[in-house]
Amino acid sequence: MPSKYRNFRNSVPWIILFLEVVLIILFYFLFSDDDAPRSTISYPAFQDVNHMVIFGFGFFLTFLKRYGFSSIGFNLVITVLGVQCSVLIEDLLVLLLQRQYEDGLKRITKAAVSMTAVVISTGAVLGKTNPVQLILMAVVEIIAFHMSRSINTTLLQVPDNISMMHVHLFGAYFGLAVSSHFSEPSPRTEKNASTPKSDLLSMLGTLFLWVFWPSFNSVLLVKEKTKAIYNTYFALAVSAVTAFVLSLLTAKDGKFRMTDIHSAVLAGGVTVGYAAHIIEYPWIAMILGLLASGIAVLGSYCLQRCLHPALKIHDTSGIHFTFGLPGVLGALAQVVLFVL
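Now for a look at the structure at hand. These figures come from a predicted structure and were not determined experimentally. (Residues numbered from 1 in each chain as written. Predicted model: local features only at pLDDT ≥ 70, side-chain atom pairs only at ≥ 80, totals over all residues. Heavy atoms only, no water.)

Focus on the overall build of the protein chain
Put simply, the test is: Helix numbering and strand numbering both begin at the N terminus, where a helix is a DSSP run of H or I of at least 4 residues and a strand a DSSP run of E of at least 2. Think of it in three bands: residues with accessible area under 20% of the maximum for their type are buried, residues over 50% are exposed, and the middle band is partly exposed, with areas taken using a 1.4 Å probe on protein chains only. Any two residues whose heavy atoms approach within 4.5 Å at even a single point are treated as in contact. Where accessible areas are quoted, they stem from the Shrake-Rupley method and a 1.4 Å probe; at the residue level, only the protein chains shown are allowed to cover.
In terms of helices and strands, the protein chain carries 14 helices and zero strands. Taken across its 340 residues, the protein chain has 52% of its residues classed as buried. Restricting to contacts in the protein chain with at least 6 residues of sequence separation, those with at least 24 account for 80%. On the protein chain, roughly 16300 Å² of surface is accessible, and the fraction owed to carbon and sulfur atoms is 69%.

Examining the pattern of salt bridges
In plain terms, the rule: Only one rule defines a salt bridge in this text: a Lys or Arg side-chain nitrogen within 4 Å of an Asp or Glu carboxyl oxygen.
Applying the stated criterion to the full structure yields five salt bridges. Between Lys110 and Glu90 there is a salt bridge, and its shortest N-O distance comes to 3.6 Å. On the criterion of sequence distance, the pair formed by Lys110 in helix H5 (residues 104-125) and Glu90 in helix H4 (residues 68-97) is long-range, its members being 20 residues apart. Both residues of the pair, Lys110 and Glu90, belong to the buried class. Shared partners join several salt bridges into a network, and the residues in it are Glu90, Lys110 and Arg149.

Side note on the nonpolar core
Under the convention used in this document: Buried Ala, Val, Leu, Ile, Met, Phe, Trp, Tyr and Cys residues form a nonpolar core when they are joined through side-chain atoms within 4.5 Å.
In terms of nonpolar packing, the biggest core is built from 51 residues, with Trp213, Phe216 and Phe323 touching the most fellow members. Other than its neighbours up to four places away in sequence, Phe216 contacts Val49, Met52, Val113, Thr116, Met165, Val167 and His168. Among the nonpolar cores identified, the runner-up in size contains 17 residues, and Ile78, Ala111, Val125 and Met137 belong to it.

A look at the layout of surface pockets
Just so we agree on the cut-off: Grid spacing is 1 Å over the protein atoms alone, the probe is 1.4 Å, and a cavity is where that probe fits but cannot get out, while a pocket is an open set with protein on both sides within 12 Å along at least five of seven lines and lining residues have an atom within 4 Å of a point. Grid points are joined across faces, edges and corners, and a volume is the space filled by probe spheres set on the points. When residues are grouped by polarity, Ala, Val, Leu, Ile, Met, Phe, Trp, Tyr, Cys and Pro land in nonpolar, Asp, Glu, Lys and Arg in charged, and all others, Gly among them, in polar.
Of the volumes computed, that of the second largest pocket is approximately 270 Å³. Around the second largest pocket, the lining is made up of 15 residues, and of these Arg99, Glu102, Lys110, Arg149 and Asp160 lie nearest the centre. If one sorts the elements of the lining of the second largest pocket by residue count, helix H6 (residues 131-154) sits on top with four residues. Class assignment of the residues belonging to the lining of the second largest pocket gives a composition of three nonpolar, five polar and seven charged.

Considerations on the side chain of Thr153
Selection rule: Under this definition, polar contacts are N or O atom pairs within 3.5 Å; protein pairs additionally need one hydrogen-donor-capable and one acceptor-capable atom, and for neighbouring residues in sequence, both atoms have to be side-chain atoms.
Positionally, Thr153 belongs in helix H6. A polar contact is formed between the side chain of Thr153 and the backbone oxygen of Ser150, at a distance of 3.2 Å. Those residues within four positions of Thr153 in sequence are excluded, and the remaining contacts are Arg99, Val158, Asp160 and Ser163.

Points about the environment of Asn152
Secondary-structure assignment places Asn152 in helix H6. Relative accessible area serves as the criterion here: at 14%, Asn152 is assigned to the buried category. In this structure, Asn152 is in contact with Gln157, Val158, Ser163 and His166, ignoring residues within four places of it in sequence.

As for the side chain of Ser121
Position of Ser121 among the secondary structure elements: in helix H5. Residue Ser121 is classed as buried on the basis of its relative accessible area, which comes to 0%. Contact partners of Ser121, with chain neighbours within four places excluded, come to Met137, Glu141, Gly171, Phe174, Gly175 and Ile319.

Notes on the packing of aromatic side chains
Two measures describe an aromatic ring pair: the distance that separates the ring centres and the angle between the ring planes. Where we set the bar: Note on ring pairs: Phe, Tyr and Trp rings are taken, using the six-membered ring of Trp, and paired if centres are within 6.5 Å. Classes follow the plane angle, with under 30 degrees stacked, over 60 edge-to-face and the rest tilted.
Within this structure, the stated rule accounts for 15 aromatic pairs. With centroids separated by 6.3 Å and ring planes inclined at 75 degrees, the aromatic side chains of Phe57 and Phe60 adopt a geometry described as edge-to-face. Within this pair, Phe57 and its partner Phe60 are both found in helix H3 (residues 43-60), separated by three residues, close to a single helical turn. Each member of the pair, Phe57 as well as Phe60, carries the same accessibility label: buried. An aromatic cluster is present here, built from Phe57, Phe60, Trp213, Phe216 and Phe323 joined pairwise through their rings.

Just distances and angles here, no functional claims.
So this is what it looks like as structure tokens:
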């Protein structure tokens, strides 16, 4: 973590312990499985999502050589604390809105999906925050995300699975908003540099996410699960191919730039997540994957040099181009496909 990390070293374990005690007490009073229906989610599907959040995003954020352990270790701590908070918030909303309780497996699956927003936001502030700030951000963001999702499902009548796909947009722009309140680390400092080893570990995380992304987009679906998996795979495949092509075309030395590939191969999965279950033909998903990868690569190539300096946006791991802009494209595509 940053240089101020040692100032917080004595308080971190007590803050975590305090939060865990509070969560245990709240679970005692709020958690209930009474009259819960049979789960529509299988344990392997939950494991796929869990692998994405723990392994995929954990390694995805290891590209800064001084923060490799922080990326993986604190990703685990934040995730498990956040999942507990998410389950309790969902139970509280069920109690207030007088809904039917869901079974435990579906609860923790939805909580793990919700935590994707937090780990995406972590990518924007990586290397600029200490553990206390990360934990505070995780708690505040998971509460804000559930409030946003509750408004979408209750007032706007957005289906539950589509409202959950807002994790990409919410996580990206929440992280950028938080990042704007921290000073930008100098690119010349040793802390803000990467090594071939850290880049390799980060690419390993990208591969984990790529493999499990079809499960992520389909885990909350019941009727159209196979169609969502099918369309997500084709979108991811085309975005991966496009990422390699555009990386070569935009490189001055004619070599692949792993920075582009690292961010763009996942863009298709982000974009198609909103509409994967309603896309009738795979060529539509393939076009979305191509456009998403193009936005990710060209956005990183152009906007990072023009827009980010003007708006004073500092995006450590490129979440704006990997999750933010492809998420906007996916939301627009979902509206168009729904109208048509």
